[in-house]
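Overview (structure and organization)
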Amino acid sequence: MKSLVIAEKPSVARDIARVIGAGQKGNGFLEGREYVVTWALGHLVTLADPEEYDKKYMKWEMSTLPMMPEKMKLVVIRQTSKQYQAVKTQLFRKDIGDIIIATDAGREGELVARWILEKSGCHKPIRRLWISSVTDKAIREGFQNLRDGREYQNLYRAAEARAEADWLVGMNGTRALTCRYNAQLSCGRVQTPTLAMIAKREEEIKNFKPQEYYGAVLQCGDVQWTWKDSANGSYRSFRRDKMEKILSDTYTGILEVTFVNRKEKKSFAPGLYDLTTLQREANQRYGFSAKETLNIMQRLYENHKVLTYPRTDSRYIGRDVVPTIKERLKACGTGPYKKLAGALLNKPLQTNSSFVDDKKVSDHHAIIPTEQFVQLDHMTNEERKIYDMVVRRFLSVLYPPFLYEQVTMEGKAAGHTFTASGKVIRSAGWKEVYEGSYEENEEETEESIPKDQKLPVIREGEHLRIEKASLTSGKTKPPARFTEATLLAAMENPVKYMTTRDAQAAKTLGETGGLGTVATRADIIEKLFHSFLMEKKGNEIHITSKAKQLLELVPEDLKKPELTADWERKLSDISRGKMRQETFLEEIRGYTCEIVDEIKTGDGTFRHENITNKVCPRCGKHLLAVNGKNSKMLVCQDRECGYRETVSRTTNARCPKCHKRMEMILKGKEETFVCACGYKEKLSAFQARREKEGAGVNKRDVQKYLKQQQKEAREPVNNAFAQALAGIKLE
């Protein structure tokens, strides 16, 4: 008998098949002597839409709510039904004795495979392949240590409970809001609290009143001394008259050094990456959206096989990974990393609990390089950037700490306290990996904290002549608007946005990773953009009028992160066998009835503030002007019509006058580039100008040229002449 292996994607299936010797191609499967390998395409099966339960749900009406199916139905996703049939055929082959689930090792991956088995009615024994990377070595070891599928039954129950709960709350809440207010409105336990966080930040910005503050600095030789309030340690005051008096007291006086402290300090490298931290830093450094970073990571994991599983929420590796570190260093020690990795390979490795901790590894360890040899020239520019971030972080944790001497000095001038600080580097340590380019992502502070400076040798009791005294000033700043990077951080740790001070809920949110999961946050953010509840202005995220009104209309509970904390705690209990799936879903059904009743009896109103004079060509209703993530659109206000057209989109083309990014207007006979400065240019004129400037080469042409150069470099010099000489026989 053979075993049927179900992978989540074709690329992973091909890798597994190659390693286990299943090379014979079939219709949607690969076969060998012991194994048959088939694959899903993500989810092939999903929960049925409401109309599958009863024809009355085909029409969106308040009278049909809440929708409470006795048993949830599974349906095959129409777009991928052909592959489902191919998998089903293999499941019921007489020579297939058991099933090996090889989908992603996590809650959602478990659901992908189990729903296929459930829908097809297959009850053959199950084994589980649980691996964090798809290198040949990891696959071989995984197949040597296959686990009993029954160990993951509770994980499946938790995954199914999550899916059904989201269906009940999301479907009923969205239909109730849409029917009640006759507008395309949606809600959910993750997207609604996320919107509420952005709205709260915008309210804080709106209500913020800036205040002017003042400070004082003295110049004594090459050292700058900053005034410090001896009462509270602050470096600023809101009273200008107080600071002016200090300046008049100290002007051209003497400063006595009263305290000098020299302390040897060390700092360790920042932790390894989990997905959210990587997405956040990639957005700050390169402007990549969360979705873009995830897609790039997925390619580096699946296609190049040079990084481990991306959808992880852990920043640690287990002790079992430590013996493989040297092999990973050899694999990634090429190009710009050769010298850095080589320095580590030539001596015993030093590991510590700052990045090795079995207790802090959940389903998957942190994102690190695999043992697969890397070919940097096969990567795109974007892939190189993300790979570089991961490799340098991996190398940095293996390097010794950054050692420095921190010097802090205090002095008195006319009875007032002043301070100065400096840093003397003893050993670059892990900062050597970043070659001077590492930037600390510290939050801005409004305090005029003295910056480190190069200090001469100064001793206590010295008297320094004050050469200059200056008044400094600034204004308090409002909280910064969210970017994708800071929104991801807030979703990961939403505790400060909780309305209650429930310590248990805060603890649960911390343990379960906040709103959404590492795998879903990018999609949630994209969904909020595509449903026109958020829009981007530059790099900043703003909520729309539609979102503000929606938050006034949705039930209060749905806006709170506490709801997710409660759900995740219970889902975690289900996965550990401490709670029954049925008990949780019974609670969700009761909660769904409550929110539908609340929406039905709500007295709010919804008004389209973005309505235009343009009419929908399908249904004749007025169109709404909306801002997509990178485009401006007109969409029909009628949900059932669904008409939308793109008016313009933001491009990477730069204005030749002011060098800002231009918009492309799509109306008219020919597309036109338009800049905020007033510059306009037809597409044909733009292309002609770019060609004249020598910028008419696309990425594909560049890649083709580079490959040709590499091919020529491998061939012998003067190839034709060499061949002619090769035929000559010399006596």
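Residues numbered from 1 in each chain as written. Predicted model: local features only at pLDDT ≥ 70, side-chain atom pairs only at ≥ 80, totals over all residues. Heavy atoms only, no water.

**With respect to the overall build of the protein chain**
If you tally the helices and strands in the protein chain, you get 21 helices and 25 strands. Here the C-alpha coordinates of the protein chain stretch approximately 105 × 95 × 65 Å along the principal axes. The buried share among the 731 residues of the protein chain stands at 48%. Sequence-distant contacts in the protein chain: of pairs separated by 6 or more residues, those separated by 24 or more amount to 72%. Summed over its atoms, the accessible surface of the protein chain is roughly 38,200 Å², and 48% of this surface lies on carbon and sulfur atoms. Taken as two groups, the 122 positive and 100 negative side-chain charges of the protein chain have centres that lie 3 Å from each other. (Helix = DSSP H or I, 4+ residues; strand = E, 2+ residues; numbered from the N terminus. Buried < 20%, exposed > 50% of the residue type's maximum accessible area, 1.4 Å probe, protein only. Contact = heavy atoms within 4.5 Å. Areas by Shrake-Rupley, 256 points an atom, 1.4 Å probe, with all protein chains shown as cover. Lys, Arg positive; Asp, Glu negative; His and termini not counted. Charge placed at Lys NZ, Arg CZ, Asp CG, Glu CD.)

**Some thoughts on helix α18 (residues 581-600)**
With 20 residues, α18 ought to run about 28 Å at 1.5 Å a step, and its terminal C-alpha atoms sit 29 Å apart, in line with that. For α18, the full list of buried residues reads Q581, F584, L585, I588, R589, Y591, T592, I595, V596 and I599. Residues of α18 that are buried in the fold lie against α5 (153-181) and α17 (561-575). (Expected span 1.5 Å × (residues − 1).)

**Re the nonpolar core**
In terms of nonpolar packing, the biggest core is built from 85 residues, with L91, L177, L195, L487, M534 and F584 touching the most fellow members. Setting aside chain neighbours within four positions, we find L195 in contact with L528, L533, M534, I543, A547, L550 and L551. Of all hydrophobic cores here, the second largest spans 43 residues; its members include A282, L340, I367 and M389. (Core = buried A, V, L, I, M, F, W, Y, C linked by side-chain atoms within 4.5 Å.)

**Regarding the packing of α17 against α18**
Orientation of α17 relative to α18, taken along the N-to-C sense of each, is 160°, at an axis distance of 9 Å. With respect to each other, α17 and α18 are oriented roughly antiparallel. Like other packed secondary-structure pairs, α17 and α18 cross with a definite hand, here left-handed. Facing L563, W567, K570, L571 and I574 of α17, the residues of α18 in contact are Q581, F584, E587, I588 and Y591. (Axes fitted to C-alpha atoms, helices over the stretch in contact; angles between N-to-C directions. Parallel < 35°, antiparallel > 145°, perpendicular 65-115°, else oblique. Left-handed = near helix turned anticlockwise from the far one by under 90°.)

**Details of empty space enclosed by the protein**
Summed over all chains, the structure comprises 1 cavity of 30 Å³ or more. As a volume, the largest cavity reaches approximately 110 Å³. Every residue lining the largest cavity is listed: E8, V12, I16, A102, T103, D104, A105, L129, I131, V134 and Y301. Its residues assigned to classes, the lining of the largest cavity comprises 8 nonpolar, 1 polar and 2 charged. (1 Å grid on protein atoms, 1.4 Å probe; cavity = no way out; pocket = protein on both sides within 12 Å on 5 of 7 lines; lining within 4 Å. Points joined across faces, edges and corners; volume = space filled by probe spheres on them. Nonpolar A, V, L, I, M, F, W, Y, C, P; charged D, E, K, R; others polar.)

**A short note on helix α10 (residues 325-332)**
Turning to α10, its buried residues number three or more, namely I325, R328, L329, A331 and C332. The buried residues of α10 occupy one face: seen down the axis, they fall within an arc of 160°. On its buried face, α10 sits against α11 (338-345) and α12 (381-398). (Arc of directions from axis to C-beta.)

**Some thoughts on the pattern of salt bridges**
Considering all chains together, one arrives at 51 salt bridges under this definition. For E535, the salt bridge goes to K537, with nearest N and O atoms at 3.8 Å. Residue classification places E535 among the buried positions, given a relative accessible area of 11%. The shortest N-O distance in the salt bridge between E663 and K632 comes to 3.6 Å. Taken together, the positions of E663 in strand β23 (residues 661-665) and K632 in strand β21 (residues 631-636) put the pair 31 residues apart, joining distant regions of the chain. (Salt bridge = Lys/Arg side-chain N within 4 Å of Asp/Glu carboxyl O.)

**Examining a positive patch on the surface**
Taken together, K55, K73, K88 and K119 make up a surface patch of like positive charges. Tracing the backbone through its elements, the reader meets K119 in helix α3 (residues 107-120). Accessibility expressed as a relative area gives 37% for K119, which makes it partly exposed. (Patch = residues over 30% accessible without salt bridge, like charges linked within 9 Å, V, L, I, M, F, W, Y side chains within 5 Å.)

**Let's talk about the sheet that holds strand β19 (residues 611-615)**
The strand order β19-β20-β21-β22-β23-β24-β25 describes an open sheet built from 7 strands, whose pairing is antiparallel. With one partner strand each, in any of the chains shown, β19 and β25 (680-682) form the two edges of the open sheet. Across the sheet, the axes of successive neighbouring strands diverge by a mean angle of 30°, strand direction being ignored. As paired strands, strand β24 (residues 672-674) and β25 are joined by 3 bridges and run antiparallel to one another. When the bridges of β25 are listed, F673 appears paired with E681. (Pairing = 2+ DSSP bridges.)

**Observations regarding the confidence of the model for the protein chain**
When the pLDDT values of the protein chain are averaged, the result is 87; 91% of them are 70 or greater. Under a pLDDT of 50 for its full length, residues 442-447 has, in the predicted model, 8 contacts with residues more than four places off or in other chains. Here residues 715-727 is modelled with pLDDT under 50, and outside its nearest four sequence neighbours on either side it reaches 1 contact, counting other chains as well. (pLDDT = per-residue confidence, 0-100.)

**Structural notes on the environment of V390**
Relative to the assigned elements, V390 resides in helix α12. Owing to a relative accessible area of 1%, V390 belongs among the buried residues under this scheme. Along the sequence, V390 and P369 sit 21 residues apart, while their C-alpha atoms lie 7.3 Å from each other. Once you skip the residues sitting within four places of it in the chain, V390 turns out to touch Y273, L278, L307, I367, I368 and P369.

**Structural notes on the packing of α10 against α12**
The interhelical angle for the contact between α10 and α12, taken along N-to-C directions, is 135°, at an axis separation of 12 Å. By the angle between their directions, the pair α10 and α12 is classed as oblique. Crossing of α10 against α12: the hand is left-handed. Side by side, α10 and α12 meet where I325, R328, L329 and C332 of the first sit next to Y387, V391, F394, L395 and L398 of the second.

**What about the side chain of T651?**
Take T651: it is sitting in strand β22 (residues 644-654). You can call T651 buried: its relative accessible area is 9%. Polar side-chain contacts of T651 include one of 3.2 Å to the backbone nitrogen of A653. With residues near it in sequence (within four places) discarded, T651 still touches R661, M662, M664 and F673. (Polar contact = N/O pair within 3.5 Å; in protein donor to acceptor, adjacent residues only side chain to side chain.)

**Quick word on the environment of K475**
Here K475 lies in strand β16 (residues 468-475). Expressed as a C-alpha distance, the spacing of K475 and P210, which sit 265 residues apart in the sequence, is 6.1 Å. Not counting the four nearest positions on each side in its chain, K475 is found in contact with Q211, E212 and Y213.

**Things to note about the pairing of strand β1 (residues 2-7)**
Counting buried positions over the 6 residues of β1 gives 6, a clear majority of the element. Side chains K2, L4 and I6 of β1 all project onto a buried face; the interleaved residues S3, V5 and A7 project onto the opposite face, where all are buried too. Across 6 bridges, the pairing between β1 and strand β7 (residues 96-102) is parallel. Its bridge partner lying in β7, V5 is registered against I100. As defined by bridge partners, β1 adjoins strand β4 (residues 35-39) across 5 bridges and the pair is classed as parallel.

**As for the side chain of T612**
With respect to the helices and strands, T612 occurs in strand β19. Of note is the side chain of T612, whose polar atom sits 3.3 Å from the backbone nitrogen of K614.

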